[in-house]
Amino acid sequence: AQSVAQPEDQVKVAEGNPLTVKCTYSVSGNPYLFWYVQYPNRGLQFLLKYITGDNLVKGSYGFEAEFNKSQTSFHLKKPSALVSDSALYFCAVRDGGSYIPTFGRGTSLIVHP
Amino acid sequence: GAGVSQSPSNKVTEKGKDVELRCDPISGHTALYWYRQRLGQGLEFLIYFQGNSAPDKSGLPSDRFSAERTGESVSTLTIQRTQQEDSAVYLCASSSQRGGPIDEQYFGPGTRLTVT
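Model, not experiment: these values are computed from the prediction.

Procedures and definitions
Residues numbered from 1 in each chain as written. Chains lettered and ligands numbered in written order. Predicted model: local features only at pLDDT ≥ 70, side-chain atom pairs only at ≥ 80, totals over all residues. Heavy atoms only, no water. Helix = DSSP H or I, 4+ residues; strand = E, 2+ residues; numbered from the N terminus. Rg over C-alpha atoms; globule rule 2.2 N^0.38 Å. Buried < 20%, exposed > 50% of the residue type's maximum accessible area, 1.4 Å probe, protein only. Contact = heavy atoms within 4.5 Å. Lys, Arg positive; Asp, Glu negative; His and termini not counted. Charge placed at Lys NZ, Arg CZ, Asp CG, Glu CD. Areas by Shrake-Rupley, 256 points an atom, 1.4 Å probe, with all protein chains shown as cover. Core = buried A, V, L, I, M, F, W, Y, C linked by side-chain atoms within 4.5 Å. Buried area = accessible area lost by both parts, 1.4 Å probe. Salt bridge = Lys/Arg side-chain N within 4 Å of Asp/Glu carboxyl O.

A.B. asks: What exactly am I supposed to notice about the overall build of chain B here?
C.D. replies: Per the secondary structure count, chain B includes zero helices and 10 strands. Over its C-alpha trace chain B gives a radius of gyration of 14 Å, about what one expects of a compact globule, namely 13 Å for 116 residues. Seen through its C-alpha atoms, chain B measures out along the principal axes to roughly 40 × 25 × 25 Å. Each of the 116 residues in chain B was classed as buried or not, and the buried ones make up 52%. Once local pairs closer than 6 in sequence are excluded, the contacts in chain B between residues at least 24 apart make up 55%. The averaged location of the 13 negative side-chain charges in chain B is 5 Å from the averaged location of its 12 positive side-chain charges.

The structure is reproduced here in structure tokens:
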């Protein structure tokens, strides 16, 4: 079984400040973890993924995520937020050989000037 | 095309009518997924196609929902006798699956369905 949780419905940060969007997961095998971003009236866009190897994964638009096996977390981070980063962010997990990912409920990121 | 396309972008229908939603995946992508996204909710998995294998229909919420895919190309999602609770955005995604389950998904813009 696989599940993912995004504990925050909304995250607000000031432009220029660092941001973190949290994600925790539960799997019985090896986790494959993904972050996607959804802008208004658009489909989801892939940001980054963790499969194996280095725990710090770098992705599009300056985003990165850190895989923490002991805490079963995969938090999304960015050192300096932009107003244009305001969007809905989804974490997703696949358990081992599963081809169907489970998505979190999404976190609305609001970056204010 | 360069990305996943879906049509129509918006559909308003009366309760009890049938609707058909279309998805054109990225050329060469063998895997295709349908999801439902209700307002303020996450993505609800509906159905998964992989090549010529039997589809995984485990997410379809009722027998009013069905989907087909022609080979590795276009897919249609059909909802019969629509109900107001079917109102949502229906998202389609495709994936190459060449690397197995590690490959990311590419999403279309969605079809916003409103049942009145």
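We are not done yet, so read on.
A.B. asks: Can you walk me through the overall build of chain A in this structure?
C.D. replies: What chain A contains, in helices and strands, is zero helices and 12 strands. Ordering the α and β elements of chain A from the N terminus gives β-β-β-β-β-β-β-β-β-β-β-β. Relative to its length of 113 residues, chain A is compact, with a C-alpha radius of gyration of 13 Å against a globular reference of 13 Å. Seen along its three principal axes, the alpha-carbon backbone of chain A occupies a region of about 40 × 30 × 20 Å. By the burial criterion, 46% of the 113 residues in chain A qualify as buried. Once local pairs closer than 6 in sequence are excluded, the contacts in chain A between residues at least 24 apart make up 57%. On chain A, roughly 5300 Å² of surface is accessible, and the fraction owed to carbon and sulfur atoms is 50%. Charge-centre separation for chain A: the mean point of 10 positive side chains lies 4 Å from the mean point of 8 negative side chains.

A.B. asks: Sorry if this is basic, but what is going on with the nonpolar core here?
C.D. replies: Nonpolar side chains in soluble globular proteins tend to be buried together. Counting residues in each nonpolar core, the largest one holds 27 residues, and the members touching the most others are A:Trp35, A:Leu47, A:Leu48, A:Phe74, A:Leu76 and A:Tyr89. Here this core gets four residues from one element, more than from any other, and that element is strand S10 (residues 87-95) of chain A. By size, the runner-up hydrophobic cluster in this structure holds 20 residues, among which are B:Trp34, B:Phe49, B:Ile79 and B:Leu113.

A.B. asks: Quick question: what am I supposed to make of the interface of chain B and chain A here?
C.D. replies: One frequent convention defines the size of an interface as the accessible area lost when the parts assemble. The partner chain A presents 23 residues to the 22 residues of chain B that form the contact. Around 1800 Å² of area is buried between chain B and chain A when both sides are counted, 57% of it from carbon and sulfur atoms. Between the two partners, chain B and chain A, sit one salt bridge. Among the ionic pairs, B:Glu104 bridges to A:Lys49, the shortest N-O distance being 2.8 Å.

A.B. asks: I tried to follow the environment of B:Leu21 on my own but got confused; where do I start?
C.D. replies: All names here are of chain B. Note on placement: Leu21 falls in strand S3 (residues 19-24). The spacing of Leu21 and Tyr35 is 14 residues in sequence and 12 Å in space, taken between C-alpha atoms. Apart from the residues within four sequence positions on either side, Leu21 is in contact with Ser7, Pro8, Trp34, Ser75, Thr76, Leu77, Tyr90 and Thr111.

A.B. asks: How do you make sense of unusual backbone geometry when you look at a structure like this?
C.D. replies: Leaving glycine aside, a negative phi is the common case for residues, and trans is the common case for peptide bonds. With an omega of -10°, the peptide bond between B:Ser7 and B:Pro8 qualifies as cis. One can find B:Pro8 in the loop between strand S1 (5-7) and strand S2 (10-13). For A:Tyr61, which is not a glycine, the phi torsion comes out positive at approximately 60°. Examined against the element boundaries, A:Tyr61 turns out to sit in the loop between strand S7 (56-58) and strand S8 (64-68). Among the residues examined, A:Tyr61 registers a relative accessible area of 48% and is labelled partly exposed. Positive phi is not limited to glycine here, since A:Thr72 has a value of about 45°. Residue placement: A:Thr72 occurs in the loop between S8 and strand S9 (73-78). We classify A:Thr72 as partly exposed; its relative accessible area is 31%.

Nothing here speaks to function; it is geometry throughout.
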